[in-house]
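Close look at the chain arrangement
If you want the building blocks of each chain, they are given just below.
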Amino acid sequence: MSALPVTARTADAPLSPLLRLLILTQLAFNVGFFAVLPFLAEHLGTAIGMAGWLVGVVLGLRTFSQQGLFVVGGALADRYGVRPVVLTGCALRVAGFAWLGYAGATWSVIGSVLLIGFAAALFSPAVESEVARQAVLREEAGGGPRARVLALFTVAGQAGAFVGPLLGGLLLTVDFRTVCLAGAGVFVAVLAGHAVLLPRHIPGREPVHVRGGVGPLLRNRRFFALCCGYGAQLLAYNQLYLALPAEAERAAGSQTPVAWLFALSSLLVVTAQLPVTRWAGRRLTPRRSLAAGLLLTGAGFAAVAAARPAGWTGAAGLAPLAALVVLLTLGQMLVAPVARAWLPDLAEPGRLGLYTGALSSVSGLLVLLGSTASGALLDLGLPPAAPWAALAAVPVAAVLVLPGERPGARAGRHGQGGRGNRES
């Protein structure tokens, strides 16, 4: 890997223009995406009349078409570079949101949701893998820990996730179609901006053949162990779109609290992600950071399971959901940047896009299976605590399968030296 300029060789080195662009890209992506997604489950159940299990299937298909096909987008980014993959993905996301706004039949909803997911499967791994690659280069040049760059990437995404639901909630007073068209408009702006600003060739990045690298990936047991832990956290986070809206509707009689609960999650990440990452980097190894995050997430679902039999409504009914959002968000802050920072040490040279995509693809498959099961659990008429207790058990069980790590690793500055510390 090539070194960064001498001006970036200090511990508090400024971000390169490319890193700044990619981080702002994540902000814009999430504004458009989260203006729509938090309100999708209620739209499908109320306006279109889908059963709870079918809503779970649709949401799972959306996640799987996105996360599950990240491996395709990552391999294409390795082969063709970031720019064409990002631009194509943005164009497809515009088409998908516009289609969803007019979709009424089940087949049409599923088609639009699949297109929305596949669009992200193109642009997200391209952006994420390049951010990780640039973060490793910056770390090797003495510019600071890679996990802090990835934490800043997370902060930008959550800032977008904070603004998005508020925008969507305002536009929902018109109708859901207006929300979808506004989301499409955001991606039109992203597409136009990146057509102008995103470099055609990134120095030091050479394209690789799409074939190759899959065999070592399939034999990489530590990589798949990381996928299991990360997938359990992603499944838990996906309940913000499925279980949380249903419980908020029961407790408050409307979907109004959903936007504010999403805003709470995003505000926590924006204000606390960097301090949490610094704290974890000083005190925790990557494995312990992941384990702590998963246990916090499990505790959030356990809090709802403990309170649910009381059947509280109003503010009392929403309090356990607020606790869930806080604990789940803290767990996400510990898990996501560290998992992404660990990934370059597991990937084969030149295949970071493939590994970035595969991490999300395996996780997406877990979400598809888990989301369908959790949607069915919510419809079965079980004791009110049972679905939440089952959701609490998933991240706790995932702690048992997390990968081992090299001695002396720290969550905040993992894998210093990039290429020389690969694990397989």
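Above this text is the structure in question.
As a starting point, this report considers the structure included with it.

Calculation rules
- Starting afresh in each chain, residues are numbered from 1 along the sequence in its written order.
- For a predicted model such as this one, the threshold for reporting local features is a pLDDT of at least 70, and the threshold for listing and counting side-chain atom pairs is 80 or more; totals across whole chains, interfaces and linings nevertheless cover every residue.
- Only hydrogens and water are set aside when side-chain values are computed; all heavy atoms of the structure are taken into account.
- Axis geometry follows a simple rule: fit a line to the C-alpha atoms, using only the stretch in contact for helices, then measure angles between N-to-C directions, giving values from 0 to 180 degrees.
- Counting from the N terminus, the helices are the DSSP runs of H or I reaching at least four residues and the strands are the DSSP runs of E reaching at least two.
- Oblique is the label for any angle not covered by the other classes, which are roughly parallel (under 35 degrees), roughly antiparallel (over 145) and roughly perpendicular (65 to 115).
- Helix crossings fall into two classes, left-handed where the near helix is turned counterclockwise from the far one by less than a right angle and right-handed where it is turned clockwise.
- Contacts between residues were defined by any pair of non-hydrogen atoms, one from each residue, lying within 4.5 Å.
- For this analysis, a polar contact is any N or O atom pair within 3.5 Å, provided that within protein one partner can donate a hydrogen and the other can accept it, and provided that sequence-adjacent residues contribute only side-chain to side-chain pairs.
- Residue exposure (1.4 Å probe, protein chains only): buried if accessible area is under 20% of the type maximum, exposed if over 50%, otherwise partly exposed.
- Think of a salt bridge as a Lys or Arg side-chain nitrogen and an Asp or Glu carboxyl oxygen that are within 4 Å of each other.

1. Focus: the packing of helix 14 (residues 314-346) against helix 15 (residues 352-379)
Axis separation between helix 14 and helix 15 bottoms out at 10 Å; the angle between their running directions is 130 degrees. In terms of their interaxial angle, helix 14 and helix 15 are classed as oblique. For the pair helix 14 and helix 15, the crossing hand works out as right-handed. In this structure, helix 14 uses R340, L343, P344 and L346 to contact helix 15, whose residues at the interface are L352, Y355, T356, L359 and S360.

2. Comments concerning the side chain of R340
On the secondary structure map, R340 appears in helix 14. Within the local environment of R340, its side chain forms a polar contact with the side chain of E128, the two groups lying 3.1 Å apart. When residues no more than four places from it in sequence are discounted, the contact partners of R340 are E128, L150, Y230, T356, L359 and S360.

3. Quick notes on the environment of S266
By secondary structure assignment, the location of S266 is in helix 12 (residues 256-283). In the structure, S266 is positioned 60 residues away from V326 in sequence and 9.9 Å away in space, judged by C-alpha atoms.

4. Comments concerning the environment of V214
Topologically, V214 is positioned in helix 9 (residues 214-218). Judged by relative accessible area, which is 39%, V214 ranks as partly exposed. Here the alpha-carbon distance between V214 and A358, two residues 144 residues apart in the chain, equals 9.7 Å.

5. Things to note about the pattern of salt bridges
Summed over all chains, the structure comprises 7 salt bridges. Across the salt bridge formed by R351 and D78, the nearest N and O atoms sit 4.0 Å from each other. Here R351 is found in the loop between helix 14 and helix 15, whereas its partner D78 is found in helix 4 (residues 70-80), with 273 residues between them in sequence. Both residues of the pair, R351 and D78, belong to the buried class. Here R133 ties to E130 by a salt bridge, and the two come within 3.1 Å at their closest N and O atoms. Here the residue R133 and the residue E130 both occupy positions in helix 6 (residues 106-140), the gap between them amounting to 3 residues, near one helical turn. Both residues of the pair, R133 and E130, count as buried.

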